[in-house]
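Analysis of the macromolecular model
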Amino acid sequence: MCYPVTCRRHDSSRTNDSFRLFRVDSFFWEAIALFIVIFHLQSSFQPGMKLEVANKGSLDTYWVATIITTCGQLLLLRYCGYGDDRKADFWCDVMTAELHPVGWCAQNNKTLQPPEAIKEKNSDWTEFLIKELTGSRTAPANLLEGPLRGKNTVDLIVVGCILEVRDAFEPNVYWAARVQSNIGGRLCLSYVGLNDPAYDMWMFYLDTRLRPLGWAKENYLSIKPPTGESMKLSSEWTEALDEATAKALKSPLPLEVFKDHADLHTHSYRPGMKLEMVSPKEPFHICPVSVTKVYNEYYFQITVDDLTAEATPTCVVCHADSPGILPVQWCLKNGVGLERPQGFESQDFDWADYLKHTGTEAAPDVCFPNASQSRGFCKDMWLEAVNPLQPSELCVARITQVKGRLLWLRLEGLTKPLPDCIVDVESMNIFPVGWCEANGYPLTHLQKTVCLVNGKYCCSQLFINHRCFSGPYLNKGRIAELPKAVGPGKCAVVLKEILTMLINSAYKPGRVLRELQMVEDPQWNCQEETLKAKYKGKSYRSNMRIVRTADQVSEFCRRVCERLQCCLNLFGPTIVSDKCPENCFSQTKTKYTYYKKRKVGRPSLGENAQDGDMTKPARRRKKRKAIFVQKKRRTSIVGYQATELKQTRTSKTSKNQIFMLTCTPFFLLKDIDGQALLLLTLPTVQECMDLKLGPAIKLCHQIERVKVAFYSQFAN
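Residues numbered from 1 in each chain as written. Predicted model: local features only at pLDDT ≥ 70, side-chain atom pairs only at ≥ 80, totals over all residues. Heavy atoms only, no water.

Where an unreviewed UniProt entry is consulted, the chain appears under the name Scm like with four mbt domains 2, with the organism given as Cyprinus carpio carpio.

**Overview of the packing of helix 10 (residues 491-503) against helix 12 (residues 553-563)**
Relative to each other, helix 10 and helix 12 sit at 20°, their axes nearing to 12 Å. If you check the angle between helix 10 and helix 12, you find them roughly parallel. Viewed along their axes, helix 10 and helix 12 form a crossing whose handedness is right-handed. Of the residues in helix 12, those touching helix 10 at C491, L495 and L499 are V553, F556, C557 and V560. Partitioned by chemical class, the residues of the contact of helix 10 with helix 12 number seven nonpolar, no polar and no charged. (Axes fitted to C-alpha atoms, helices over the stretch in contact; angles between N-to-C directions. Helix = DSSP H or I, 4+ residues; strand = E, 2+ residues; numbered from the N terminus. Parallel < 35°, antiparallel > 145°, perpendicular 65-115°, else oblique. Left-handed = near helix turned anticlockwise from the far one by under 90°. Contact = heavy atoms within 4.5 Å. Nonpolar A, V, L, I, M, F, W, Y, C, P; charged D, E, K, R; others polar.)

**Considerations on the pattern of salt bridges**
What the rule picks out here adds up to 17 salt bridges. With its nearest N and O atoms 3.7 Å apart, the salt bridge here joins E243 to K247. Taken together, the residues span about one helical turn, with E243 and K247 both in helix 5 (residues 234-250) at a distance of four residues. Among the residues examined, E243 registers a relative accessible area of 47% and is labelled partly exposed. A salt bridge links D380 to R398; the shortest N-O distance between them is 3.0 Å. Placement of D380 in the loop between helix 7 (351-358) and strand 18 (382-387) and of R398 in strand 19 (residues 390-403) is noted, with a sequence separation of 18 residues between them. Neither D380 nor R398 differs from the other in exposure class; each is buried. The network of salt bridges with shared partners includes R511, E515 and R563. (Salt bridge = Lys/Arg side-chain N within 4 Å of Asp/Glu carboxyl O. Buried < 20%, exposed > 50% of the residue type's maximum accessible area, 1.4 Å probe, protein only.)

**Side note on the confidence of the model for the chain**
For the chain, per-residue confidence averages 78 on the pLDDT scale, and 78% of positions sit at 70 or higher. This model gives residues 448-454 a pLDDT under 50, and the stretch forms seven contacts once residues within four places in sequence are excluded. For residues 590-654, every residue scores under 50 in pLDDT, and the model assigns this stretch 79 contacts once sequence neighbours within four places are set aside. (pLDDT = per-residue confidence, 0-100.)

**Comments concerning the sheet that holds strand 15 (residues 299-304)**
Across the sheet, which stays open at both edges, the five strands sit in the order 16-15-14-13-17 with antiparallel pairing between neighbours. Where the open sheet ends on each side, the last strands, each with one partner, are strand 16 (315-319) and strand 17 (325-326). In this sheet, strand 14 (residues 286-294) lies alongside strand 13 (residues 274-278) in antiparallel orientation, the contact comprising five bridges. By the bridge assignment for strand 14, K274 is matched with S290. Running at roughly 120° to strand 13, helix 7 makes contact with strand 13 and strand 14 of the sheet. (Pairing = 2+ DSSP bridges.)

**Observations regarding the packing of aromatic side chains**
For the coordinates displayed, the defined rule picks out 18 aromatic pairs. Centre to centre, the rings of F344 and F349 are 5.5 Å apart; their planes meet at 65°, and the pair counts as edge-to-face. Every member of this aromatic cluster is reached through a ring pair, and the members are F204, Y205, F431 and W435. (Phe/Tyr/Trp six-rings, centres within 6.5 Å; stacked < 30°, edge-to-face > 60°.)

**Re helix 11 (residues 509-517)**
Most of helix 11 is tucked away, with seven of its nine residues classed as buried. If you follow the buried residues of helix 11, they end up packed against helix 10, strand 27 (526-535), strand 28 (538-547) and helix 12.

**A closer look at the pairing of strand 14**
As defined by bridge partners, strand 14 adjoins strand 15 across five bridges and the pair is classed as antiparallel. For V291, the partnering residue across the bridge sits in strand 15 and is I302. A loop of four residues connects strand 14 with strand 15, the two strands running antiparallel in sequence.

**Thoughts on the nonpolar core**
Core analysis: the largest hydrophobic core is formed by 66 residues, its most contacted members being F45, L51, L75, L77, L99 and L189. Among the elements that make up this core, the one with the highest residue count is strand 8 (residues 173-183) (five residues). Not counting the four nearest positions on each side in its chain, L189 is found in contact with L163, V165, A177, R178, V179, D200, M201, M203 and L210. Core analysis: the next-biggest nonpolar cluster, separate from the first, contains 45 residues, C491, L499, M501 and L531 among them. (Core = buried A, V, L, I, M, F, W, Y, C linked by side-chain atoms within 4.5 Å.)

**Topic: the state of the cysteines**
Summed over the entire model, instances satisfying the criterion amount to zero disulfides. C331 forms no disulfide, and the closest cysteine sulfur to it belongs to C287, at a distance of 9.1 Å. (Disulfide = S-S within 2.5 Å.)

**Here we look at the sheet that holds strand 24 (residues 462-464)**
Overall, antiparallel pairing links the three strands, which are arranged 25-24-29 in an open sheet. Since the sheet does not close on itself, it has two edges, and those belong to strand 25 (485-486) and strand 29 (571-572), each with one partner. When strand 24 meets strand 25, the two strands line up antiparallel, connected through two bridges. For L462, the partnering residue across the bridge sits in strand 25 and is V486.

**Focus: helix 3 (residues 125-133)**
Among the residues making up helix 3, those that are buried are W125, F128 and L129. Within helix 3, the buried residues cover an arc of 95° as seen down the axis, which keeps them to one side. Exposed side of helix 3, more than 90 degrees from the buried face: T126, I130 and K131 are the residues found there. As for helix 3, its buried residues are in contact with strand 2 (61-71) and strand 6 (111-112). Between the side-chain oxygen at the start of helix 3 and the backbone nitrogen of T126 there is a gap of 3.3 Å, and the oxygen is on D124. Count one or two residues on from helix 3 and you reach G135, which has phi positive near 80°. (Arc of directions from axis to C-beta. Polar contact = N/O pair within 3.5 Å; in protein donor to acceptor, adjacent residues only side chain to side chain.)

The structure is reproduced here in structure tokens:
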């Protein structure tokens, strides 16, 4: 299941506010990787789709191409016939390139002709195309032209669109609903004919209850207004539906919106079967439930067990993959408390006695094929989650425990605290950190708390002073993204937290790990902690002794800063406002490090830096020049020889700039080469590179300078 969310680094590291302590180690980065998979913002164009593209260098002829990858509105294409050969791959902008769905040439009497480079590879291109296109998927025509051109799936759902919503209690009944707002695919819906905001619903666009307008009629299902709502005459409901339908049919919602909806699987439940389920009314505990009705092979009804005489049934319609349904004895096997049914006489609940008492049977394990999948979530990971009692509110949430496929979430910042709520790992009400910010939606933040642990082992806030000199190991830009303060909390935990941040802000995290191992004093009261880092696909870990008592924190921070050759006030209990006592940010890096008698420059791979090493400026410049020359030789990927780069100073500058930009991780991970770089715009940079507005504008400014230099030299 994919959710339309752009994942970014932990949002707390992007804000400059204080935040309460949480765990950031390898589990955190694994969580980010997990969310990238689960919450990826899908483009409407998918790799493998086919389309017809104008041939380069051959006027009025076209050929079929395959989408290799996407980056916002940019597509990386490969002409059919090249097989696995990447050398002719090319980028194009959906908004400006001449792209058409498969079949467009035949309809418009245009010529389909393979590129000259592969023309001789096949004797019968017609037969080749038949084989190539059989079973393939063409790019939707409405996404290649018109107002929907280049839009993502989620962006196709606009305010005022009409969908059909399945009734919450009757799976064969539908009614039309209007989109009031679309927040990153999370839709606020109101029933057509019912204008009371109190009855608005929040659903994710992939919810199986949502269908395109006309779906119920096509499948011979009932169309009835919601029951128990504002009393209206039948004619009034019908009039409202007819009016909304007439307007919606003028600009129908593209069916592409529903392409990612999961197919329902058939179930094996029978009436009377018992199972366990997260309470549908109060999702803070798990309770025994019964299958009370089977509608068809897809849907069945579950009722919460209540043995009191005057109980009002709590029922919910489920399908085979409904979240929160569990086999009998699941709570016992996972060490989780099971809520005793109301009216059950015995204080000790036992399933064997209960089944015998009620004369029922447990649902077999075959009904629960995925009851143990955790999807990689771990305790102490952070995310953003919907408040179950207030669906319009999203809160910062921490995972307090993981059992099978269930997560216990502690919602932070609520005026009235709630018990840990229980959600399924595939719930559509959980989102990665930064989702609210990315979609411009308010988030209920953590409240500042006072640390109440033993004062000897508790430290106050430690400050990260962004303006201080960051030294040769730490990336100044990444340091600027860290929060202003960490803590309060236990000394070892706060220090581990801040050290992990510094490691992940390094040019080469493995090198910083090695340096931190050298920070030690036999007089310190320490405990050993494992620090982890990842760099270029490799994982690093090392054990480090971290001080435990508050009186040693200041000296520990100072020793770490010395080892990392940065300002002694970069982090620690001292907050730096306008002027650092070390006077580090008013000096150049060379002057500062020369005064401190330390080496400057970014450490190279395998380089062993020793305290007190000195490097002459001339030699340092010579070394940098050698590296730069080596990179220039690699610019052959842009398509020019090294000798041609010497023609003019302008040509060298433009191509070197292109190469330097496209060789950053900003671009390598997105497969953005020199040609794609010249197509980037501000919205694309913000969306694909995951940059805030300020850095994105600066990057686009540099890209524009490269464009001017490049086109002025090579356009002709």
